Structure formats: structure tokens, C-alpha cells
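# Topology and contacts: notes
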Amino acid sequence: MDKPNISVIIPTYNRPRQLTQCLEALSATRGETFEVIVVDDGSPEPIETTVYAFADRLDISCLRRKNAGPASARNVGARVARAPILAFTDDDCRPEPDWLSRIAEAVRRNPHALAGGRTYNSLEHNIFSETSQDLVSFFYEYAAERGGGLHFFASNNLACSARYHTAIGGFDERFPLAAGEDRDYSLRWMDMGWPLVYVPDAVIGHAHRFDNFGQFWRLHLRYGRGASHLRARAATRESKKIPFESIRFYALMVSYPFRKRRPRPFLRMALLGLSQVAVVAGFIAERLRDVHQGRSLEQ
């Protein structure tokens, strides 16, 4: 096969059905020569069979390693990538056919850019999935409206130069969860004086399914734990302190479903509020855990 122009890196853990749908979507990609690197983060059952079923349609490889979290898995993929541009997505995502060309073009125009695309929820009848996507959409829109640009991109729709990914040290592997590592990565990118560039026409559908409220609650608990790690890491660097948000921020957040005329706005408003209760609970629990264990976060 021709040498790829882009390396697409997908960390995965025990979700072969979702991974199959992601690879199906990537098989329809237009306009780019690319490779796909799937990093199996210690799934109970190896997923090579799922991956190599696409070998006739994709330049694809699979790496299997012990479970260490998605930040580490992305770095493993980046280290073996053959292309000058890296693109990251997740196994529960379905990129549009022109996603890769759109997001890669932003990096070609500005090699120092960290490019992030637009993600939408593809499970429109799942209220928990819809509300989780409302949160991400609100964060992006709030940052854009108040000026100063975006301060992070979610790692499921991201691209950058392989060279500059290496220059900042990749994703911080001390983040053990799928929470906070993308914000940390974005902050370290900006600490270098490099821009974050939003590419709204680089579109991915996100199919993060929640079967019940308990799963929704646990996800946002995890985000709270990730926020605790993020602040601890930022405190060890000479970068801007991460401010706590204002009451206005949270008022705008919970009113977002009304302002955007979303279906079932009262239920969405309640879920948005509860998501932030879970975030605070996870944040406090992680801080207490750090104190109890006497961990040194500077190591």
C-alpha cells in the first residue's frame, strides 16, 4: 500500500460491535491516503478478528497491550504511526466520509494547529446521550461566544502534526481514565503558544449509549475525577491556573436546552444539573482519595 498521509488512531476496550461500526464508517472515507491503528487496551477478549475483517478495505493494524487507559493507548498508536498527521477518534464514533480530509486540511494549512471537529449525538432517542452531547456543545459555544477562542477539544475528533504531538510529550499517561486527558493535552498545546483551530465541517457522529441513569451518573463522576487530576497536573506547570466557573456559566448551561429549543427541555435541564452534581462529587472524592493515600501528584 502507498505510504499514508494520515494515521487514524483508535483506542478501544471491549466494544467490538461499536468498533465495527466505526471501521465501517472509516471505510467510506474519501480523498485521503490513510492508515488506521487500533490499540486494544487490554480487552478481555482480543479484537484482532474484528479489526482484520477490514484488511481488504483499509490499511489497518492492531496493537494489543495491558490495560493502561486511553491516554496511554493513543500514545502507543502515535509511536508506530507512519504518517506526518495524526487523527484521533474513539471506537463509538462514526466519522463522516469527508471528516478526515476536512480536519487534515486544517493541519496542513497551519502545522502548529491542534484541529478539532464537530461531533453530534447519533443516538437521538437516548435522552442521556443527547444530554451528554448538549454539555459538549454548550462548552464549545460558550467559549466561542465569550471570546478568546476554544480551550480544549474532545479527543474523539482531533488532529495534529505527529511532530508536534511528540514535542509536547503526547497525552499525559498519568490520567488513568477517559476523563480530563483531552483538556490537559489542549492546555499543554496552548502553553507552547500554538493555536486550537475549530473545524465545524469535520463531522463525527458519536454513539455513546446509556442504558439507564446510573450509567450517566457514573460517567460524570468520572469526569469529576478527571477534573481533579487536571487541576493537580496544571498546578505543577507554569501555565495559567484553571479558574472555577461562575454562577452565570452554570445558569447558561442548565438553560441551554430551552435556548436551543431542544426536545424535552425540562428533563434535559434536570439531567444537566445532576451531571454537575456528579462532577462535583467525583472531584471531591478524588481529592479525598489523594489525601488519604498521600499520593504525590508531582511525581
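Residues numbered from 1 in each chain as written. Predicted model: local features only at pLDDT ≥ 70, side-chain atom pairs only at ≥ 80, totals over all residues. Heavy atoms only, no water.

Counted by the stated rule, this structure contains 23 salt bridges. The partner of D98 in a salt bridge is R102, and the shortest N-O contact between them spans 3.2 Å. The salt bridge partner of R209 is D211, with a shortest N-O separation of 2.9 Å. In this pair, the class of R209 matches that of D211, namely exposed. Several salt bridges share partner residues, and in doing so they unite E130, D134, R262 and R268 into one network. (Salt bridge = Lys/Arg side-chain N within 4 Å of Asp/Glu carboxyl O. Buried < 20%, exposed > 50% of the residue type's maximum accessible area, 1.4 Å probe, protein only.)

So, about the side chain of N157. Topologically, N157 is positioned in the loop between helix 5 (127-146) and strand 7 (158-161). When its relative accessible area of 1% is taken as the criterion, N157 is described as buried. A distance of 2.7 Å separates polar atoms of two side chains, one belonging to N157 and the other to W99. (Helix = DSSP H or I, 4+ residues; strand = E, 2+ residues; numbered from the N terminus. Polar contact = N/O pair within 3.5 Å; in protein donor to acceptor, adjacent residues only side chain to side chain.)

On to the nonpolar core, then. Counting residues in hydrophobic clusters, the biggest one holds 30 residues, and the most contacted among them are V8, L23, V36 and W99. Per element, the largest residue contribution to this core is 6 residues, and it comes from helix 4 (residues 99-109). The contacts of W99, once residues within four sequence positions are left out, are V8, L26, A87, F88, T89, N157, A202, V203 and I204. Listed in part, the 26 residues of the second largest apolar core include I37, A71, L150 and A154. (Core = buried A, V, L, I, M, F, W, Y, C linked by side-chain atoms within 4.5 Å. Contact = heavy atoms within 4.5 Å.)

Let us look at the packing of aromatic side chains. Under the criterion given, the structure shown has 22 aromatic pairs. Between Y185 and W189 the ring centres are 5.9 Å apart and the planes differ by 35°, which places this aromatic pair in the tilted class. Here W189 and Y185 lie together in helix 7 (residues 181-191), a separation of 4 residues that amounts to about one turn. The burial state of Y185 is the same as that of W189; both residues are buried. With a centroid separation of 5.0 Å and an interplanar angle of 90°, the aromatic rings of F249 and Y250 are classed as edge-to-face. The buried category is assigned to F249, whose relative accessible area is 4%. The partly exposed category is assigned to Y250, whose relative accessible area is 34%. An aromatic cluster is defined as three or more aromatic residues linked by ring pairs; in this entry it consists of F88, Y164, F171, Y185, W189 and W194. Above the face of the F171 ring, R74 is positioned so that its terminal group lies 5.0 Å from the ring centre. (Phe/Tyr/Trp six-rings, centres within 6.5 Å; stacked < 30°, edge-to-face > 60°. Lys NZ or Arg CZ within 6 Å of the ring centre and 35° of its normal.)

That's the geometry; what it means functionally is another story.
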